[in-house]
Amino acid sequence: MRTADGGELASATPPARPADRETPMGSEWMEMRKRPVCAAQEPAACAPGQPGVENQGSNACCFCWCCCCSCSCLTVRNQEEQRLRRTSYEVRTEDLPNCEESPGPTLEEASAWAQSFDKLMLTPAGRNAFREFLRTEFSEENMLFWMACEELKKEVNKAMIEEKARVIYEDYISILSPKEVSLDSRVREAINRSMAEPSQNIFDDAQLQIYTLMHRDSYPRFMNSALYKDLLRSLSEKAVEA
């Protein structure tokens, strides 16, 4: 293009790029863009210690193995807890007194136990049978505490009252005792205040609380237990034979 005075203007059209520097187009351009991505991914896929697609099977196996291992660990742990619980109970029952001496119950007597908890607790045979059941539930100390309180009420000698109250406290009230019974804080605090000068009735509230616990909690299970049903069946068979 020429100017008014006859000169020439530089062409506005940019010079064409050499053929060997042309920007790649189409599939070549896409291929070049993919290469860096693939190059960046390959080391990560092949890096040692990092599972790739080929190792997915081994990961699944590892996961299953871990689950099996966890299940096995839980089983072993539960067995160990049960063993420790049995051992603890054996230690606790080493110094427990023997059952009360009494003749075996009759069929009529054993049948009457189902009428009320009071009738069960009135006879030595009933208490012995119930105590045997409590032993299977690891709660025999409830009956022992109740019986100890009954014995304390019969005592009249002041020195013996103090001594028996101290023994009962250490065996069944103290939080350090393995035979501690379950009492609420109000009853426990009242006992602590009265231990300076104990009387025959110092444990009355605690005894009533444990009696109620056995009545509501353990007695219904005793009535439905194999121990009680087997006893009734045995007594019934003896009655028929007689």
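Treat the numbers as computed from the prediction; the structure is a model and nothing was measured.

## Digging into the pattern of salt bridges
Phase 1: Across all of its chains, the model carries twelve salt bridges by this definition.
Phase 2: Of the charged contacts in the structure, one is a salt bridge between lysine 164 and glutamate 155, with a shortest N-O distance of 3.1 Å.
Phase 3: By relative accessible area, which is 28% here, lysine 164 ends up partly exposed.
Phase 4: Its relative accessible area of 15% is what places glutamate 155 among the buried residues.
Phase 5: Here arginine 233 ties to aspartate 230 by a salt bridge, and the two come within 2.2 Å at their closest N and O atoms. Highlighted residues: arginine 233 and aspartate 230, both in helix H10 (residues 226-241), separated by three residues, approximately one helical turn.
Phase 6: Salt bridges here are not isolated pairs; linked through shared partners, they connect Arg131, Arg135 and Glu140.

## Some words on the packing of aromatic side chains
Phase 1: Under the definition given, this model contains ten aromatic pairs.
Phase 2: Their ring planes at 35 degrees and their centres at 6.1 Å tell us that tryptophan 146 and tyrosine 211 sit as a pair that is tilted. Placement of the pair is tryptophan 146 in helix H6 (residues 140-154) and tyrosine 211 in helix H9 (residues 204-223), with a sequence separation of 65 residues. This pair shows no difference in class: tryptophan 146 is buried, exactly as tyrosine 211 is.

## A closer look at the layout of surface pockets
Phase 1: Approximately 370 Å³ is the volume found for the largest pocket.
Phase 2: The wall of the largest pocket is formed by 15 residues, among which Leu144, Met147, Ala148, Glu150 and Glu151 lie closest to the centre.
Phase 3: When contributions to the lining of the largest pocket are tallied by element, the ones reaching two or more residues are H6 and helix H7 (158-173).
Phase 4: Ranked by residues supplied to the lining of the largest pocket, first place goes to H6 with seven residues.
Phase 5: Partitioned by chemical class, the residues of the lining of the largest pocket number eight nonpolar, no polar and seven charged.

## Quick look at the nonpolar core
Phase 1: In terms of nonpolar packing, the biggest core is built from 38 residues, with Trp113, Phe130, Phe145, Phe203, Met214 and Phe222 touching the most fellow members.
Phase 2: Counting only elements with at least two residues in this core, the list comes to helix H4 (117-122), helix H5 (124-136), H6, H7, helix H8 (185-194), H9 and H10.
Phase 3: Here the element with the most residues in this core is H6; it accounts for eight residues.
Phase 4: For methionine 214, the residues in contact, after removing those within four places along its chain, are Phe117, Met121, Phe130, Leu134, Asn142, Met143, Trp146 and Tyr219.

## Brief notes about H9
Phase 1: Its 20 residues place the ends of H9 26 Å apart at the C-alpha level, agreeing with the 28 Å of an ideal helix rising 1.5 Å per residue.
Phase 2: Roughly 35 degrees is the biggest bend found in H9, and it falls at histidine 215.
Phase 3: Taken residue by residue, H9 has Ala206, Gln207, Ile210, Tyr211, Met214, Ser218, Tyr219, Phe222 and Met223 as its buried positions.
Phase 4: Taken together, the buried residues of H9 touch H4, H5, H6, H8 and H10.

## Points about the packing of H6 against H9
Phase 1: Two numbers describe how H6 lies on H9: the axes approach to 10 Å, and their chain directions differ by 145 degrees. Considering only the axes of H6 and H9, their crossing is left-handed. Within the contact between the two elements, H6 uses Asn142, Met143, Phe145, Trp146, Cys149, Glu150 and Lys153 and H9 uses Asp204, Ala206, Gln207, Ile210, Tyr211, Leu213 and Met214.
Phase 2: Residues belonging to the contact of H6 with H9 are distributed by class as follows: nine nonpolar, two polar and three charged.

Rules of the game
Residues numbered from 1 in each chain as written. Predicted model: local features only at pLDDT ≥ 70, side-chain atom pairs only at ≥ 80, totals over all residues. Heavy atoms only, no water. Salt bridge = Lys/Arg side-chain N within 4 Å of Asp/Glu carboxyl O. Buried < 20%, exposed > 50% of the residue type's maximum accessible area, 1.4 Å probe, protein only. Helix = DSSP H or I, 4+ residues; strand = E, 2+ residues; numbered from the N terminus. Phe/Tyr/Trp six-rings, centres within 6.5 Å; stacked < 30°, edge-to-face > 60°. 1 Å grid on protein atoms, 1.4 Å probe; cavity = no way out; pocket = protein on both sides within 12 Å on 5 of 7 lines; lining within 4 Å. Points joined across faces, edges and corners; volume = space filled by probe spheres on them. Nonpolar A, V, L, I, M, F, W, Y, C, P; charged D, E, K, R; others polar. Core = buried A, V, L, I, M, F, W, Y, C linked by side-chain atoms within 4.5 Å. Contact = heavy atoms within 4.5 Å. Expected span 1.5 Å × (residues − 1). Bend = angle between axes of the 7 residues up to and from the residue. Axes fitted to C-alpha atoms, helices over the stretch in contact; angles between N-to-C directions. Left-handed = near helix turned anticlockwise from the far one by under 90°.

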